[in-house]
Amino acid sequence: MIKFKLQDIVARKMHLLAFLGMLILGLQTVSAQEGISLEESKKAALKHSNAIKNGLLTIEKAKAFKQEMLANYFPTIEATALGLYGPDDIISPIPGILPNGIDNLYSASAMATEVIYAGGKIRNSNALADLQTETSKIRAEQAVDSVLLVTEQKFWQLVQLQEQQKVLETNEAYLNELLKQQEDLLEAGLIAKNQLLQVKVNRSELLLNKSKLENLRKLALLDFSLYVGVAYSPEMRAMADFENIAPPELKYTEPDLNLTENSNYQLLEKSISASQLRTKMAKADLLPSLAVGFSAFEFGSFDNTLESQFSGLAFGTLSIPISDWWGSGKQRVRQEKIQEEISQNNREDGIDQLKVAITQSWYDLLDAHEQIQYALENKALAEENLKVYRDNYDSGLSNLTDLLDAQAMAQKAQSNLINAYTNYQNKEITFLYRTDQLDTPAIEGLK
């Protein structure tokens, strides 16, 4: 009796230790399962993206160009100095005037010039610099939107592959249970061996697809990690659940095709303004230019053999490019006018393409939501069909082939639902991207 109790206590302790070991192992597994949410992915990508960094640098470059153009409003100042020394006299002695020869000389001069009129070229150059700065800011903001778009696309691709893995795992468990049943029936002599082989073939195909899917997931995860800028780990998971998705009509209004607030439309408009400014600058080259200035200079010798002499003068210059009126200058103006027409035509085409793209993204979003509803219905029907075939098979009313077909149909329906959910997420982010509705941080805050 005592011996039995001791064995019972030891057995209970062993079970307890085994349970604790499994619990600790499970906790370690959970802690090793690194997860990243969509919001975390976006924040990491915004910090890591070289496209955004280049966008910020382009803004700084445009500002520097603006400062360069502003400098044209101020006088230009130049200074030069010259010193000469020769082993022999540079200037030989002149009796009565220069008794000693001069073997060294120096001179220094400074000149300031201010452009009074240049046909409007300076003013238009500054306007073009302002336009370039504004364009750089728009493109930098677009870079932020693009990074968020690509990040979401890569994130939902990961989610899609993860959920497809769950589908295969669920169907693997189903086939394992069916395989066990077939082994028992074969052992009891109630079925032929080919039925067991049928299940094994289907299970082997599933395991092969499972292996391929895992490799695809790891490749997609590496691509995601490199783009977002997080450390790669094969255990990392994208943390997202598919919830009930409201119809797009309840979340968004049908897109307005008035594009005045659209960033791509704004770039098209600025391209027209830039062409017009370049034409004005080309015309300015045909007009006279007027400048005034002052020059001062001093010269002498280092040993005072020649006394220092200082002088200054004011001057004005008027330049008239007469030959440009019928020569290269005129042709340049003609080229710029033609480019204006090309930019205007490109603008019209660009507006049409924007309207089509925005409208298409809206209808794609509506279709994606409908696909989810069809996929949900199809999944429910396929699972009910599988249940009926399983009941019929267990009752001897249907054969194994029909049951395996029903299982494959249910698996495909589950997979199609996953694809429908992730497709909707991609269509939604594309719609928000094309309509400039992404919740993006200010570009200045990313410096």
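Our subject is the structure that appears above.
Anyway, here's the lowdown on the structure attached to this text. Keep in mind the model is a prediction, meaning the values are calculated, not measured.

Cut-off values and rules
- Residues numbered from 1 in each chain as written.
- Predicted model: local features only at pLDDT ≥ 70, side-chain atom pairs only at ≥ 80, totals over all residues.
- Heavy atoms only, no water.
- Salt bridge = Lys/Arg side-chain N within 4 Å of Asp/Glu carboxyl O.
- Helix = DSSP H or I, 4+ residues; strand = E, 2+ residues; numbered from the N terminus.
- Buried < 20%, exposed > 50% of the residue type's maximum accessible area, 1.4 Å probe, protein only.
- Patch = residues over 30% accessible without salt bridge, like charges linked within 9 Å, V, L, I, M, F, W, Y side chains within 5 Å.
- Areas by Shrake-Rupley, 256 points an atom, 1.4 Å probe, with all protein chains shown as cover.
- Lys, Arg positive; Asp, Glu negative; His and termini not counted.
- Charge placed at Lys NZ, Arg CZ, Asp CG, Glu CD.
- Contact = heavy atoms within 4.5 Å.
- Phe/Tyr/Trp six-rings, centres within 6.5 Å; stacked < 30°, edge-to-face > 60°.
- Lys NZ or Arg CZ within 6 Å of the ring centre and 35° of its normal.
- Core = buried A, V, L, I, M, F, W, Y, C linked by side-chain atoms within 4.5 Å.
- Pairing = 2+ DSSP bridges.
- Axes fitted to C-alpha atoms, helices over the stretch in contact; angles between N-to-C directions.
- 1 Å grid on protein atoms, 1.4 Å probe; cavity = no way out; pocket = protein on both sides within 12 Å on 5 of 7 lines; lining within 4 Å.
- Points joined across faces, edges and corners; volume = space filled by probe spheres on them.
- Nonpolar A, V, L, I, M, F, W, Y, C, P; charged D, E, K, R; others polar.

1. Observations regarding the pattern of salt bridges
Per the stated rule, a full pass over the model turns up 19 salt bridges. Between lysine 270 and glutamate 134 there is a salt bridge, with the nearest N and O atoms lying 2.8 Å from each other. Here lysine 270, found in helix α7 (residues 263-284), pairs with glutamate 134, found in helix α4 (residues 121-187); they are 136 residues apart in sequence, far enough to count as distant. Since its relative accessible area comes to 19%, lysine 270 is described here as buried. You can call glutamate 134 partly exposed: its relative accessible area is 37%. One salt bridge connects arginine 347 with glutamate 348, and the closest N-O pair in it is separated by 2.6 Å. Assessed through its relative accessible area of 37%, glutamate 348 is described here as partly exposed. Among the ionic contacts, a cluster of salt bridges with common partners joins Glu39, Lys42 and Glu152.

2. Things to note about a positive patch on the surface
Positive charge collects at one region of the surface, where Arg123, Lys280, Lys283 and Lys337 lie side by side. Counting through the fold element by element, lysine 280 comes out in helix α7.

3. So, the environment of glutamate 336
Locating glutamate 336 in the fold gives a position in helix α8 (residues 328-394). For the pair glutamate 336 and lysine 280, spaced 56 residues apart in sequence, the C-alpha separation works out to 8.8 Å. Dropping the residues within four chain positions of it, glutamate 336 is found in contact with Arg278, Thr279 and Ala282.

4. Some remarks on the packing of aromatic side chains
The full count for this structure, using the stated rule, is four aromatic pairs. Seen from their ring centres, phenylalanine 155 and tryptophan 156 are 5.4 Å apart, and the 90° between their planes marks the pair as edge-to-face. Considered together, phenylalanine 155 and tryptophan 156 belong to a single accessibility category, that of buried residues. Taking the centre distance of 6.4 Å and the plane angle of 55° together, the rings of phenylalanine 155 and phenylalanine 224 count as tilted. With a gap of 69 residues between them, phenylalanine 155 in helix α4 and phenylalanine 224 in helix α5 (residues 193-228) connect regions that are remote in the sequence. For the pair shown, phenylalanine 155 and phenylalanine 224 are each scored as buried. By way of ring pairs, the aromatic residues Phe155, Trp156 and Phe224 are connected into one cluster. Here the basic side chain of lysine 154 rests over the ring of tyrosine 227, its NZ or CZ set 5.6 Å away from the ring centre.

5. Topic: the nonpolar core
Residues Phe155, Phe224, Leu400 and Leu403 are the most contacted members of the largest nonpolar core, which totals 39 residues. Broken down by secondary-structure element, the contributors of at least two residues to this core are α2 (38-48), α3 (50-70), α4, α5, α8 and α9 (400-434). Broken down by element, this core gets its largest block of residues, 13 residues, from α4. Leucine 403 has contacts with Tyr174, Leu178, Leu386, Tyr389, Arg390 and Tyr393, leaving out every residue within four places of it along the chain. If you look at the next biggest cluster of nonpolar residues, it comprises 17 residues, including Ile245, Ala368, Ile429 and Leu438.

6. Some details on the sheet that holds strand β5 (residues 289-300)
Strand order in the open sheet formed by four strands is β2-β3-β5-β6, and the pairing between neighbours is antiparallel. The two strands at the open ends of the sheet, each matched to only one other strand, are β2 (76-85) and β6 (309-319). Across the sheet, the mean angle from the axis of one strand to that of its neighbour is 15°, orientation sign disregarded. With eleven bridges connecting them, strand β3 (residues 104-117) and β5 associate as antiparallel partners. Across the sheet, tyrosine 106 pairs through a bridge with glycine 300, a residue of β5.

7. Re the layout of surface pockets
A volume near 430 Å³ is recorded for the largest pocket. Taken together, 18 residues form the lining of the largest pocket, with Leu38, Glu39, Lys42, Glu152 and Ile429 sitting closest to its centre. Elements that contribute at least two residues to the lining of the largest pocket include exactly α2, α4 and α9. Residue classes in the lining of the largest pocket are distributed as eleven nonpolar, one polar and six charged. Its boundaries defined by the atoms lining it, the second largest pocket holds a volume of some 330 Å³. As for the second largest pocket, its lining consists of 17 residues, of which Thr135, Arg139, Leu267, Lys270 and Ser271 are closest to the centre. Listed by contribution, the elements that provide at least two residues to the lining of the second largest pocket are α3, α4 and α7. Here the lining of the second largest pocket is built from residues that sort into seven nonpolar, seven polar and three charged.

8. With respect to unusual backbone geometry
The phi torsion at aspartate 436 lies on the positive side, around 55°, for a residue other than glycine. Here aspartate 436 lies in the segment after α9. By relative accessible area, which is 29% here, aspartate 436 ends up partly exposed.

Shape descriptors only; they carry no functional weight alone.
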